[in-house]
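Coordinates in review
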Amino acid sequence: MKEEAVIQVENLTKKFGDFTAVNAISFEVKKGEIFGFLGANGAGKTTAMKMLIGIYKPTSGNAQVASFNVYKNPNEIKKNIGYMSQKFALYDDLTVKENITFFGGIYGLSRSQIKEKTAQLIEELNLQETVNQLVGTLPLGWKQKISFSVALLHNPKIVFLDEPTSGVDPITRRQFWEMIYETANNGTTIFVTTHYMDEAEYCDRVSIMVNGNIEALDTPKKLKKQFNVVTMNDVFLKLARSPSLTLPFGKGVKND
Ligand SMILES: Nc1ncnc2c1ncn2[C@@H]1O[C@H](COP(=O)(O)OP(=O)(O)OP(=O)(O)O)[C@@H](O)[C@H]1O
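Residues numbered from 1 in each chain as written. Predicted model: local features only at pLDDT ≥ 70, side-chain atom pairs only at ≥ 80, totals over all residues.

Turning to the environment of Ile171, a few remarks are in order. By the element assignment, Ile171 lies in helix α6 (residues 170-185). Separated by 30 residues in the primary sequence, Ile171 and Gly141 have C-alpha atoms spaced 9.6 Å apart. (Helix = DSSP H or I, 4+ residues; strand = E, 2+ residues; numbered from the N terminus.)

Across the sheet, 6 strands lie side by side as β6-β7-β8-β3-β9-β10; this open sheet has mixed pairing. Edge positions in the sheet fall to β6 (81-85) and β10 (213-218), since each has one partner strand and no second. On average, adjacent strands in this sheet sit at an angle of 15° to one another, irrespective of strand direction. Across 4 bridges, the pairing between strand β3 (residues 34-39) and strand β8 (residues 189-193) is parallel. Directly across from Phe37, in β8, lies its bridge partner Thr193. With respect to the sheet, helix α1 (residues 45-52) is in contact with β3, β7 (158-162), β8 and β9 (205-210), its orientation differing from that of β7 by roughly 155°. Against the sheet, α6 makes contact with β3, β7 and β8, and its axis sits at roughly 145° relative to β8, the strand it touches most. (Pairing = 2+ DSSP bridges. Axes fitted to C-alpha atoms, helices over the stretch in contact; angles between N-to-C directions. Contact = placed C-beta atoms within 7 Å.)

Our next topic: the pairing of β8. The side chains of a regular strand alternate between both faces of the sheet. Burial of β8 is extensive: 5 of the 5 residues sit out of reach of the surface. Side chains Thr189, Phe191 and Thr193 project from β8 onto one buried face, and the interleaved Ile190 and Val192 project onto a second face that is buried too. Bridge count between β7 and β8: 5 bridges; the pairing is parallel. The residue bridging Leu161 from the neighbouring strand is Val192, located in β8. What joins β7 to β8 is α6, and the crossover it makes is right-handed. (Buried ≥ 20, exposed ≤ 12 C-beta atoms within 10 Å, placed from the backbone. Right-handed = clockwise from strand over helix to strand, strands pointing away.)

Attention now goes to the packing of helix α3 (residues 96-106) against helix α4 (residues 111-125). The N-to-C vectors of α3 and α4 enclose an angle of 140°; their axes lie 10 Å apart at closest approach. Taken together, the axis directions place α3 and α4 in an arrangement best described as oblique. For α3 against α4, the interelement crossing comes out right-handed. Two secondary-structure elements touch here, α3 through Lys97, Ile100, Thr101 and Gly104 and α4 through Gln113, Ile114, Lys117, Thr118 and Leu121. Grouping the constituent residues of the contact of α3 with α4 by class yields 3 nonpolar, 4 polar and 2 charged. (Parallel < 35°, antiparallel > 145°, perpendicular 65-115°, else oblique. Left-handed = near helix turned anticlockwise from the far one by under 90°. Nonpolar A, V, L, I, M, F, W, Y, C, P; charged D, E, K, R; others polar.)

Another aspect to go through is the packing of helix α5 (residues 140-151) against α6. Look at α5 against α6: their axes get within 10 Å of each other, and the N-to-C directions meet at 10°. Taken as axis vectors, α5 and α6 run roughly parallel relative to one another. Here α5 contributes Gly141, Gln144, Lys145 and Phe148 to the contact with α6, which in turn contributes Thr172, Phe176 and Met179. Considered class by class, the residues forming the contact of α5 with α6 number 3 nonpolar, 3 polar and 1 charged.

Shown next as structure tokens:
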């Protein structure tokens, strides 16, 4: 049963001066859930995520992440979560092994734990040939898979993935999602942003943010029923076309 809430968000708000980037959002995420956090460019996803991982102090509202409060214990949150950003993943000028050792050290793993984890990753990801290669020489899909594994080195309760599959081919994205499923099955909660609507279909539940507000939140199946459409792509477009909403569609919707 996926019942225990590991993220609890209540009226969470972030303002930059007069501009409200995140407007009183509320939701819960359960243990082991794959929670998709969707929205067009500029909708407020990254700002919301930064509050949840203890980087931005909220303007108002409240949130508990991995049992820690975002105002009182942001550093405890950081120790209990993994984070993989699209822009920053691994050090290109270190080998795969050196990256694992480096991040293992940052996450507070002992030498023997790092050794054990390195052996485990080599085995799981078939890295025998590449472990001593510079990360910069590897294809993007490999980097992203290794980066995801590195974000899990310290067995975090929740892993936040900010567009983790951006720019890779559909087969590699599918393989990446296999890793996500396996991780969630082991009880780690996945909080993932994506612009790929086929990936939204893979999530247990999906929230859709529009101009700082969460405009829809449910399972992909129920959202499609609610909006009377057949794909998540259509749900997304329908929200975007709502007459009460104006949406900055920079990147648009990818659906390959
Ligand atoms: N530090 C900041 N100061 C002022 N405005 C900001 C700041 N950070 C973000 N914003 C604004 O807040 C809004 C939400 O930005 P945010 O990066 O959270 O959106 P996003 O949904 O993550 O978009 P993307 O998909 O492009 O990453 C945007 O209008 C952005 O310009």
